[in-house]
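# Coordinate inspection notes
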Amino acid sequence: MSAPLHDQLDIVIPTIRDLGFLEQWRPFFQPYHLIIIQDGDPSRKINVPEGFDYELYTRNDIERILGDKAWAISFKDSACRCFGFMVSKKRYIYTIDDDCFVAKNPSGEDINVLEQHIKNLLCPSTPYFFNTLYDPYREGADFVRGYPFSLREGVPTAISHGLWLNIPDYDAPTQMVKPRERNQRYVDAVMTVPKGTLYPMCGMNLAFDREIIGPALYFGLMGEGQPIGRYDDMWAGWCSKVICDHLGVGSKTGLPYVWHSKASNPFVNLKKEYKGIFWQEEIIPFFQQVTLNKETTDVCDLYLELAEKVRKGLGHIDPYFNKLADGMIAWIAGWRQLNAPKSA
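Presented here is a report on the structure given in the accompanying data block. (Residues numbered from 1 in each chain as written. Predicted model: local features only at pLDDT ≥ 70, side-chain atom pairs only at ≥ 80, totals over all residues. Heavy atoms only, no water.)

### Regarding the nonpolar core
Formed by 67 residues in total, the largest nonpolar core has its most connected members in Ile213, Leu217, Trp235, Phe287, Tyr303, Leu306 and Met328. If near-sequence neighbours (up to four positions away) are discounted, Met328 is found in contact with Tyr218, Trp235, Cys239, Tyr303, Leu306, Ala307 and Val310. Leu22, Val102, Val190 and Met204 belong to the second largest nonpolar core, which has 37 residues in total. (Core = buried A, V, L, I, M, F, W, Y, C linked by side-chain atoms within 4.5 Å. Buried < 20%, exposed > 50% of the residue type's maximum accessible area, 1.4 Å probe, protein only. Contact = heavy atoms within 4.5 Å.)

### Description of the side chain of Asn166
You can see Asn166 is positioned in strand β6 (residues 157–166). For Asn166, a relative accessible area of 13% gives the class buried. Polar contacts involving the side chain of Asn166 include one to the main-chain carbonyl oxygen of His260, which spans 2.9 Å. Residue contacts for Asn166: discarding those within four places in its chain leaves Glu181, Arg182, Asn183, Trp259, His260 and Ser261. (Helix = DSSP H or I, 4+ residues; strand = E, 2+ residues; numbered from the N terminus. Polar contact = N/O pair within 3.5 Å; in protein donor to acceptor, adjacent residues only side chain to side chain.)

### Points about the packing of helix α9 (residues 299–314) against helix α10 (residues 320–338)
For the pair α9 and α10, the least separation of the axes is 8 Å and the interaxial angle reads 170 degrees. One way to sum up the angle between α9 and α10 is to call them roughly antiparallel. Each of Cys300, Asp301, Tyr303, Leu304, Leu306, Ala307, Glu308, Val310, Arg311 and Leu314 in α9 lies in contact with α10, whose residues at this interface are Phe321, Asn322, Ala325, Asp326, Met328, Ile329, Trp331, Ile332, Trp335 and Arg336. Across the contact of α9 with α10, the residue classes break down as 14 nonpolar, one polar and five charged. (Axes fitted to C-alpha atoms, helices over the stretch in contact; angles between N-to-C directions. Parallel < 35°, antiparallel > 145°, perpendicular 65-115°, else oblique. Nonpolar A, V, L, I, M, F, W, Y, C, P; charged D, E, K, R; others polar.)

### So, the environment of Ala216
Relative to the helices and strands, Ala216 is located in the loop between α6 (210–213) and α7 (232–247). For the pair formed by Ala216 and Gly327, sequence separation is 111 residues and the distance between their alpha carbons is 13 Å. If we ignore the near neighbours within four places in the chain, the residues touching Ala216 are Ala236, Cys239, Ser240, Ile243, Val299 and Tyr303.

### So, the pattern of salt bridges
Evaluated as defined, the whole model comprises 22 salt bridges. In this structure, the salt-bridge partner of Asp10 is Lys90, at a minimum N-O distance of 3.0 Å. Taken as a pair, Asp10 in strand β1 (residues 9–15) and Lys90 in the loop between α3 (82–87) and β4 (92–96) lie far apart in primary sequence, 80 residues in all. The shortest N-O distance in the salt bridge between Arg138 and Asp188 comes to 3.0 Å. With Arg138 in the loop between α4 (113–122) and β6 and Asp188 in the loop between α5 (172–177) and β7 (190–192), this pair connects stretches of sequence that are 50 residues apart. According to the relative accessible area criterion, Asp188 is partly exposed, its value standing at 48%. (Salt bridge = Lys/Arg side-chain N within 4 Å of Asp/Glu carboxyl O.)

### Observations concerning α10
Since the α-helix advances by 3.6 residues per turn, residues separated by three or four positions end up pointing in the same direction. Over its 19 residues, α10 extends 27 Å from the first C-alpha to the last, a length consistent with the 27 Å expected when each residue adds 1.5 Å. Within α10, the full set of buried residues consists of Tyr320, Phe321, Leu324, Ala325, Gly327, Met328, Ala330, Trp331, Ile332, Gly334 and Trp335. Turning to α10, the residues buried within the fold contact α2 (59–66), α3, α6, α7, α8 (266–289) and α9. (Expected span 1.5 Å × (residues − 1).)

### Overview of the packing of α7 against α9
α9 packs onto α7 with a crossing angle of 125 degrees between their chain directions and a minimal axis gap of 11 Å. By the angle class used here, α7 and α9 are oblique. Remark: the crossing between α7 and α9 carries right-handed chirality. Contact residues: Trp235, Cys239, Ile243, His246 and Leu247 in α7; Val299, Leu302, Tyr303, Leu306, Val310 and Leu314 in α9. Broken down by class, the residue content of the contact of α7 with α9 amounts to 10 nonpolar, one polar and no charged. (Left-handed = near helix turned anticlockwise from the far one by under 90°.)

### With respect to the pairing of β6
For β6, the tally of buried residues reaches nine of 10 residues, placing the bulk of the element in the interior. Across nine bridges, β6 lies against strand β9 (residues 250–260) in parallel orientation. Bridge pairing in β9 places His161 opposite Thr253. The pairing of β6 with strand β8 (residues 205–209) spans three bridges and is classified as antiparallel. Across the sheet, His161 pairs through a bridge with Leu206, a residue of β8. (Pairing = 2+ DSSP bridges.)

### A word on a nonpolar patch on the surface
The grouping of Met176, Val177 and Phe267 at the surface amounts to a nonpolar patch, some 340 Å² of accessible area in total. By relative accessible area, which is 68% here, Val177 ends up exposed. (Patch = residues over 30% accessible without salt bridge, like charges linked within 9 Å, V, L, I, M, F, W, Y side chains within 5 Å. Areas by Shrake-Rupley, 256 points an atom, 1.4 Å probe, with all protein chains shown as cover.)

### Side note on unusual backbone geometry
The residue after Leu255, namely Pro256, is reached through a cis peptide bond having omega 10 degrees. Here Pro256 is to be found in strand β9. Residues other than glycine seldom take positive phi values, yet Leu5 does so here, at roughly 55 degrees. The topology assignment puts Leu5 in the segment before β1. Taking the relative accessible area as the measure of exposure, Leu5 reaches 19% and is therefore buried. The phi torsion at Lys76 lies on the positive side, around 60 degrees, for a residue other than glycine.

And the structure:
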C-alpha cells in the first residue's frame with residue numbers, strides 16, 4: 001500500500017547530530033521528502049542514512065536565502081525548525097525531534113505516526129461543542145445524545161498535536177521533583193481543543209496543514225542571544241490557536257504517540273525557562289483576551305496584527321517582546337518572499 005499523501009507532505013527535522021535515528025523510522029518516513037535544518041556549526045557534516053530523499057539547510061543557507069531577515073530564525077535552538085516550514089512547498093508538514101523513536105501500541109504493533117496525523121488532519125474538528133466520546137469521526141465512535149445536529153459537520157482541522165511515551169514533556173521544576181517519572185499510559189483518544197482554550201503545544205511530534213495555518217507556526221526567538229528558551233513551541237501554539245479560533249478551524253491533540261528517548265538536563269532547562277515561567281503568567285491571559293479584526297481572514301495579515309498587539313500588550317514585561325514582535329514581522333516578510341500567492 002502506498003504511503004498516504006507522500007507527495008503532499010514534508011517531514012521537517014531540526015538537528016545538530018547525525019540522523020541515525022531515521023533507520024528505525026525508515027518503513028514510515030522513506031516515501032516522504034525530508035527537510036533537515038542543521039543547527040549549530042554549519043561546517044560540520046551531518047550524516048543522513050542512505051535511501052532518504054532530503055534537502056538540508058545550514059545557518060549559512062538561512063542567511064543566504066533570507067538575507068536581512070535571517071535574524072528572525074533562532075540559532076542554537078530547535079526553534080530553527082520553522083525555517084523548514086517556510087521553505088516547504090507541500091500542503092502538510094510533520095515535524096519530529098531526533099530523540100523520538102517509533103512507539104508501540106498496547107498490542108505491541110509499531111505506531112505509524114504519519115498515518116494517524118493524516119487521519120487527524122483530514123477529518124473535521126469540533127471546537128464549538130465538546131463530544132464526550134472525543135473524536136466522533138473515528139471508527140467506533142459518533143456524536144453522543146444531546147450534541148447539536150447543526151454542529152455535526154465540524155470544521156477543517158489545521159493542527160494535529162501528538163504525544164509521547166517514556167520521557168514526558170515536563171518543565172524543569174517538574175523534572176527536578178519527578179526525575180524518574182515515565183509516561184507509560186497509552187490513551188487511545190483524539191480530541192479537539194475547544195474554542196477559546198489554549199494548550200501547551202509541543203513541537204516534537206506535530207503535524208499541520210500549511211495552507212490553513214502555516215504562517216502562524218513561527219517558533220519565535222530562542223537560543224543564542226535570547227533571554228529565554230524552551231518556549232518556542234509554546235509561543236507557536238498560543239499564536240496559532242488564537243488564529244485558528246479566529247478563522248473557525250480546529251486543533252486536535254492525542255494520538256499518535258512517539259517514544260521520547262532522552263530526558264534533557266533539568267538544570268540547563270531551568271536556566272532557559274526561568275524567565276518564561278514567570279512571564280507566562282502574563283502571556284497566557286494576554287492570549288486569552290486578545291481579539292483580531294473580524295474582517296481579516298488572511299493568516300499573514302492576522303499574524304502581523306497579532307505582532308503589534310504583542311508589542312503593545314507584552315512589551316512592558318521585558319524589551320524582549322518588542323524584539324519578538326519585530327521577529328514576527330520579519331518572519332511574515334520571509335514567508336511572503338518564499339511563498340508568493342497562487343495566481344487565480
